[in-house]
Every structure is written in structure tokens, then in C-alpha cells.
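In case you want the letters, here they are:
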Amino acid sequence: YDESLAKYTKAFSMMSFNPQNFRETLEATNNIAIIHCKRGGYNVAISWYLDVLTKVKAEFGLYHAEVVNLLRKVGVLTIKIGDYQTCLEYFSTELEVRIEIGSRPCDIIFTKRCLGDIHRRLKNYDESLGYFTEAIDQQQSMGRSKTLASLFNAIGVLQINKGNVADALQHFENAHDVLKEIEGNNDLSTATTLQNKGNAYYAKESFDKAIISYRSSMRLLKKALGDDHEEVLGSLSNIGKAYFGRGLFGEAMQIFELVLLRQTTSLKDDSLERSKTLSSIAEIHLKRGSYSESVMCY
């Protein structure tokens, strides 16, 4: 990365921003920002994008196709650093400009989806639902697709956050129906939907149904990603939690011990996920009255 970054930065320093070569400047900026992102330097990448955004706006004005592209890149990166309020401003401006310049419907839908996600993270649930609903209305007019299923899932997750589990399940069912129609019920998007259904059943303490959904999701994940992938282990952990919820501590323990074994071989000892698994095992020991084992796990 250091060598590539040095070359791109040198090339950028030799350029002067003007209407004739601005696309080359954008490309160089994008290459530099991508490298910084790969190194975890999101703030540095944002500063590069903002610098060129200022120049593009000064040259062409706010209502320009490259402006919305840059606003989106900055918005996505501000999500990664957790600055949701600032991110909201970028995506709101992007949506305004996209509508004004007549961007493709799929781009407008994506921006509304992002705004819905950000408002959900900020617990602005009514605003979130408004953007998701607008996006889904537009997407439905374009036919059945993974994007439509993804929007149903997004509203379902929002409804769980609001405590409306029945509404959440209905949206997850809608997503599942779309995916069965277009993918034959054998896709990673289906795995995500089944995982969401499991979460909804878990939230309403329907643990048997949650286990069925989690297992169905895990089968698809294992087929696509392999036994030791973090998403597979996460799904397996969810099954363990559902068994724990049912009071089946023996079954839950077997699952968490299996997860811990796989995490030990695939993750660092101090990994957050391994820590969560140890906490789950500690809870089982605590329920069984094995206090010394519980303390040791904690």
C-alpha cells in the first residue's frame, strides 16, 4: 500500500484541477482514498474526498452528477466512523441533488435506503420508516428483486427496534416470498432473511420457531461460506441462545462449546466474538449454580 499510495499521491500533486482534467483528478483522489480505507484511515479518505468535492462544487455548482457521487462516498465513510449526524447531512443533500438532476430511480432508492438506515441508528424511527416506505413504493413499481427483499428486511429490522414484532415478521415473510420467487430459496439473501425471522421469533420468545429459522439460515451460510466462517458461527450462536431461552442448558452448552472451539482456531484470543461466547457459557454455568466455572469464563 505504501508504494501505491506514494505513486498516486505524486500523480495527484502533478495535476491542476480544471474542467478538462477533473475526471483524472477524481480518479486519482478515489485511488488514494481507497488505499487509506484499506488501511483503516477513513478520516483521511474523507478529507481527500471533501477536498475534491469542494473543487467540483466551485467549478460546476451543487447540481452536478459528480457532486452526488462524492457526497455518497463521503456519506458511506462517515457511517463507518459512526458519525451518523454528519452522515445524515451528506445523504440528505445527495437526495435533494439526485431528485433535482433526475438521477436513475435505483440511485434515488439507494439514497433513501441509506437515510432510512441512518435514522434507524439514531432511533428516529418515524423518519426512518418514512424513507423506507418511499423507497419500497418506488422499488415495487420496478418489479420483484433482491433490492425489494432487502427493503422489506430493513423495515422488518426497524419494526423489531420499535417493538412491533408481528409487523416485523410480516415484512420478513414478504422478503422471503420475493426471494423464493426470484432465487429459488437458495441464496445468501435468503439466509439473511431467515436469520431476521429467527431474531423476530426470538424477540417474541417463540424459541422453537427461532431455532428452525436459524438452522435454515445456517445451512445456506455453510453451503456458501464454509463451516468456520464468522457468519456461520454467529448463526450457530443464535441457535445456542434460543436453546438457552428455552431452558435447554445442556444443548446450549454443546453449541457454545463448539462455537468456541471453532473461534479458537480461526480468531485471535482477544476477539470480541470469542468474548461473547465465553460470556454465554458463563451464563449457563451461572444458571446451573456452577459459580466458580462461571467466574472463570467471565
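Note that the structure is a prediction, hence the values are computed from the model and not measured.

Cut-offs and rules
- Residues numbered from 1 in each chain as written.
- Predicted model: local features only at pLDDT ≥ 70, side-chain atom pairs only at ≥ 80, totals over all residues.
- Heavy atoms only, no water.
- Helix = DSSP H or I, 4+ residues; strand = E, 2+ residues; numbered from the N terminus.
- Buried < 20%, exposed > 50% of the residue type's maximum accessible area, 1.4 Å probe, protein only.
- Contact = heavy atoms within 4.5 Å.
- Areas by Shrake-Rupley, 256 points an atom, 1.4 Å probe, with all protein chains shown as cover.
- Lys, Arg positive; Asp, Glu negative; His and termini not counted.
- Charge placed at Lys NZ, Arg CZ, Asp CG, Glu CD.
- Core = buried A, V, L, I, M, F, W, Y, C linked by side-chain atoms within 4.5 Å.
- Patch = residues over 30% accessible without salt bridge, like charges linked within 9 Å, V, L, I, M, F, W, Y side chains within 5 Å.
- Salt bridge = Lys/Arg side-chain N within 4 Å of Asp/Glu carboxyl O.
- Axes fitted to C-alpha atoms, helices over the stretch in contact; angles between N-to-C directions.
- Parallel < 35°, antiparallel > 145°, perpendicular 65-115°, else oblique.
- Nonpolar A, V, L, I, M, F, W, Y, C, P; charged D, E, K, R; others polar.
- Phe/Tyr/Trp six-rings, centres within 6.5 Å; stacked < 30°, edge-to-face > 60°.
- Expected span 1.5 Å × (residues − 1).

## Some remarks on the overall build of the chain
- On a plain count of helices and strands, the chain comes out with 15 helices and zero strands.
- Taken across its 298 residues, the chain has 43% of its residues classed as buried.
- Looking at the chain alone, contacts between residues at least 24 apart form 52% of all its contacts between residues at least 6 apart.
- Counting every atom, the chain has about 15400 Å² of accessible surface; 49% of that belongs to carbon and sulfur.
- Of the side chains in the chain, 36 bear a positive and 37 a negative charge, and the two mean positions are spaced by 3 Å.

## A look at the nonpolar core
- Grouped together as the largest cluster of nonpolar side chains are 31 residues, with contacts concentrated most on Leu236, Ile239, Tyr243, Ala252, Ile255, Ile281 and Ile284.
- Elements with a contribution of two residues or more to this core: helix H9 (165–183), helix H10 (188–203), helix H11 (207–225), helix H12 (230–246), helix H13 (249–266) and helix H14 (272–288).
- In terms of residues, this core owes the most to one element, H12, which gives seven residues.
- Contact partners of isoleucine 284, with chain neighbours within four places excluded, come to Phe244, Phe249, Ala252, Met253 and Phe256.
- Counting 16 residues, the second largest nonpolar core, distinct from the first, contains Phe22, Ala45, Ile46 and Val56.

## With respect to unusual backbone geometry
- Despite not being glycine, lysine 123 shows a phi value in the positive range, around 65°.
- With respect to the secondary-structure elements, lysine 123 resides in the loop between helix H6 (105–121) and helix H7 (125–140).

## Observations concerning a nonpolar patch on the surface
- A cluster of nonpolar residues, Leu286, Tyr291 and Tyr298, forms a patch on the protein surface that exposes about 380 Å² of accessible area.
- With respect to the helices and strands, tyrosine 298 occurs in the segment after helix H15 (291–297).

## A look at the packing of helix H2 (residues 22–38) against helix H4 (residues 65–80)
- The geometry of H2 relative to H4 is characterised by a closest axis approach of 13 Å and an angle of 10° between their N-to-C directions. One way to sum up the angle between H2 and H4 is to call them roughly parallel. On H4, the residues touching Phe22, Arg23, Leu26, Asn30 and Cys37 of H2 are Glu66, Leu70, Lys73 and Leu77.
- Within the contact of H2 with H4, the residues separate by chemical class into five nonpolar, one polar and three charged.

## A few points about the pattern of salt bridges
- Scanning the entire structure with this criterion turns up 20 salt bridges.
- Between lysine 112 and glutamate 134 there is a salt bridge whose closest N-O contact spans 3.2 Å. Taken as a pair, lysine 112 in helix H6 and glutamate 134 in helix H7 lie far apart in primary sequence, 22 residues in all.
- Assessed through its relative accessible area of 9%, lysine 112 is described here as buried.
- With a relative accessible area of 40%, glutamate 134 lands in the partly exposed category.
- Where salt bridges share partners, they join Arg72, Glu94, Arg98, Arg104 and Asp107 into one cluster.

## Some remarks on the environment of glutamine 20
- Within the secondary structure layout, glutamine 20 lies in the loop between helix H1 (2–13) and H2.
- The class of glutamine 20 is exposed, set by a relative accessible area of 68%.
- The sequence separation of glutamine 20 and alanine 33 amounts to 13 residues, and the corresponding C-alpha distance is 22 Å.

## Comments concerning the environment of lysine 222
- Its place among the elements puts lysine 222 in helix H11.
- Residue classification places lysine 222 among the partly exposed residues on the basis of a relative accessible area of 32%.
- Sequence-wise, lysine 222 and arginine 120 are 102 residues apart; in three dimensions their C-alpha atoms are separated by 30 Å.
- Filtering out sequence-adjacent residues up to four positions away, lysine 222 remains in contact with Asp227 and Val232.

## Brief notes about the environment of lysine 180
- Structurally, lysine 180 is set in helix H9.
- Remark: the alpha-carbon pair of lysine 180 and threonine 190, spanning ten residues in sequence, is separated by 7.9 Å.

## Section: the packing of aromatic side chains
- In this structure the tally under the stated criterion is two aromatic pairs.
- Centroid distance tyrosine 202 to phenylalanine 207: 5.4 Å. Interplanar angle 70°. Geometry classified as edge-to-face.
- Arranged with centres 5.3 Å apart and planes meeting at 55°, the rings of phenylalanine 244 and phenylalanine 249 form a pair that is tilted.

## Things to note about H11
- Taking 1.5 Å per residue as the helical rise, H11 with its 19 residues ought to reach 27 Å, and the 26 Å between its terminal C-alpha atoms agrees with that figure.
- On its buried side, H11 packs onto H10 and H12.
- A positive phi of about 95° marks glycine 226, the residue just after H11.

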